[in-house]
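# Structural characterization, general
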Amino acid sequence: ENLRDKPSGRVDFALQAANADSLRIAAGLFGLPEGVRRSMQLSPLAPLNVHVSLVASREGDLTNASIELGGRAGASDISLVARALGDPGKPGEAKIDIDGKVVGEKPQAFLVLLFPDLPLERIATPAGSQGRLIVKLSGVPNAKVTGKAALETAAIEVAFVGQGSLQPSGLAAAGKAAVVS
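Soluble, globular proteins show a tendency: their nonpolar side chains are buried together. Residues Leu23, Leu42, Leu45, Leu48 and Phe110 are the most contacted members of the largest nonpolar core, which totals 22 residues. Elements that contribute at least two residues to this core include exactly strand S1 (9–17), helix H1 (20–29) and strand S2 (48–59). Apart from the residues lying within four places of it in its own chain, the contact partners of leucine 48 are Leu15, Gln16, Ala17, Leu23, Arg72 and Ala73.

Rendered as structure tokens:
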């Protein structure tokens, strides 16, 4: 049986990166987009020290996979649990559930993973102030994913509740957003 076609098993590992250059190398190893690897906004995520557990099992013709990630990045605690059920060759058709949280100083720094060119310096945060970034998503990416996301810092609060899907032209989203500054 080819692991690529029918993944099954468990892998646990620690990931550490002392500085932004180490983060760029790790981003390349894990296949993150070029925009993330070359972003000038990676340094707030260092040092990175996380534990990762990947688990996959078969359910008939489908793969039931999960990733659990926890630890510290920069001055923040991070946790993420993501589950997917589907055909590994068709990730857009898999049923997913994602629950992630970043709590600490500058949680907005994690937005660089989605928006590599976001000018984070425009989201001013007083030194030592705490905040959180929360993401909860559920559904099938190509059809409909519902969820919510929020960034709460001393300087700004941003929230989105709604639904979206991956379309050939890009991400389509509808919902309610709020910004308080």
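What follows concerns the pairing of strand S5 (residues 95–104). The pairing of strand S4 (residues 76–86) with S5 spans 10 bridges and is antiparallel. Within the sheet, the bridge partner assigned to isoleucine 78 lies in S5 and is valine 102. Across 9 bridges, the pairing between S5 and strand S6 (residues 131–140) is antiparallel. The partner of valine 103 across the bridge, within S6, is arginine 132.

With that settled, the discussion passes to the pairing of S2. Inspection of the sheet shows S1 paired to S2 by 9 bridges, in the antiparallel sense. Residue pairing in the sheet places glycine 9 in a bridge with alanine 56 of S2. Connecting S2 to the antiparallel partner strand S3 (residues 62–73) that follows it, the hairpin turn spans 2 residues, and glycine 60 within it adopts a positive phi of roughly 65°.

Another point: H1. Along H1, the positions that sit buried rather than exposed are Ala20, Leu23, Ala26 and Ala27. One side of H1 holds all its buried residues, which, seen down the axis, span an arc of 115°. The exposed residues of H1 that point more than 90 degrees off its buried face are Asp21, Ile25 and Leu29. As for H1, its buried residues are in contact with S1, helix H2 (34–37) and S2.

A separate point is the packing of aromatic side chains. As enumerated under the stated definition, the model contains 1 aromatic pair in all. Ring centres 6.0 Å apart and planes at 15° place the aromatic pair phenylalanine 13 and phenylalanine 30 in the stacked group. Taken together, the residues phenylalanine 13 in strand S1 and phenylalanine 30 in the loop between H1 and H2 connect sequence positions 17 residues apart. Taking relative accessible area as the criterion, phenylalanine 13 reaches 22% and is therefore assigned partly exposed.

Attention shifts here to the sheet that holds strand S8 (residues 157–167). Sheets are built from strands paired through backbone hydrogen bonds, the pairs being either parallel or antiparallel. One open sheet holds the 9 strands; their spatial order is S1-S2-S3-S4-S5-S6-S7-S8-S9, and the pairing between them is antiparallel. Looking at which strands have only one partner, the edges of the open sheet turn out to be S1 and strand S9 (170–180). Each neighbouring strand pair of the sheet contributes to a mean axis angle of 10°, computed without reference to strand direction. Note that S2 and S3 share 12 bridges and pair antiparallel. Among the inter-strand pairings, alanine 56 is bridged to a residue of S3, identified as alanine 65.

A few words on a nonpolar patch on the surface. Together, Ile25, Leu29, Phe30, Leu32 and Leu113 give the surface a local cluster of nonpolar side chains, amounting to about 510 Å² of exposed area. On the accessibility criterion, leucine 29 (69% relative accessible area) is exposed.

So, on to unusual backbone geometry. For the peptide bond that leads from alanine 46 to proline 47, omega is -5°, which places it in the cis range. Inspection of the secondary structure assignment puts proline 47 in the loop between H2 and S2. At lysine 106, a residue that is not glycine, the phi angle is positive and equals roughly 60°. By secondary structure assignment, the location of lysine 106 is in the loop between S5 and S6.

Parameters and conventions
- Along each chain, residues carry numbers from 1 onward, in the same order as the chain's sequence is written.
- Totals for whole chains, interfaces and linings use every residue, but because this is a predicted model, local features are given only for residues with pLDDT of at least 70 and side-chain atom pairs only at 80 or more, for both listing and counting.
- The side-chain numbers reported here are obtained from all heavy atoms of the structure, hydrogens and water having been left aside.
- To define a nonpolar core, start from buried Ala, Val, Leu, Ile, Met, Phe, Trp, Tyr and Cys residues and group those joined through side-chain atoms within 4.5 Å.
- Relative accessibility decides the category of a residue: with a 1.4 Å probe and only protein chains considered, values under 20% of the type maximum give buried, values over 50% give exposed, and everything between is partly exposed.
- Numbering goes from the N terminus for both helices and strands, where a helix is a DSSP run of H or I of at least four residues and a strand is a run of E of at least two.
- Any two residues whose heavy atoms approach within 4.5 Å are treated as being in contact.
- Whether two strands pair comes down to DSSP finding at least two bridges between them.
- What the arc covers is the set of directions going from the helix axis to the C-beta atoms.
- Aromatic rings from Phe, Tyr and Trp, taking only the six-membered ring of Trp, are treated as a pair when their centres fall within 6.5 Å; an angle between ring planes under 30 degrees marks them as stacked, one over 60 as edge-to-face, and anything in between as tilted.
- In this description, a line fitted to the C-alpha atoms serves as the axis of each element, helices being fitted only across the stretch in contact, and the angle between N-to-C directions of two axes falls anywhere from 0 to 180 degrees.
- Each patch groups residues whose relative accessible area exceeds 30% and which form no salt bridge, using 9 Å between like charges and 5 Å between nonpolar side chains of Val, Leu, Ile, Met, Phe, Trp and Tyr.
- We get accessible surface area from the Shrake-Rupley algorithm with a probe of 1.4 Å; when it comes to residues, only the shown protein chains can shield them.
- Any carboxyl oxygen of Asp or Glu that lies within 4 Å of a side-chain nitrogen of Lys or Arg is treated as forming a salt bridge with it.

Purely geometric stuff here, so don't read any function into it on its own.
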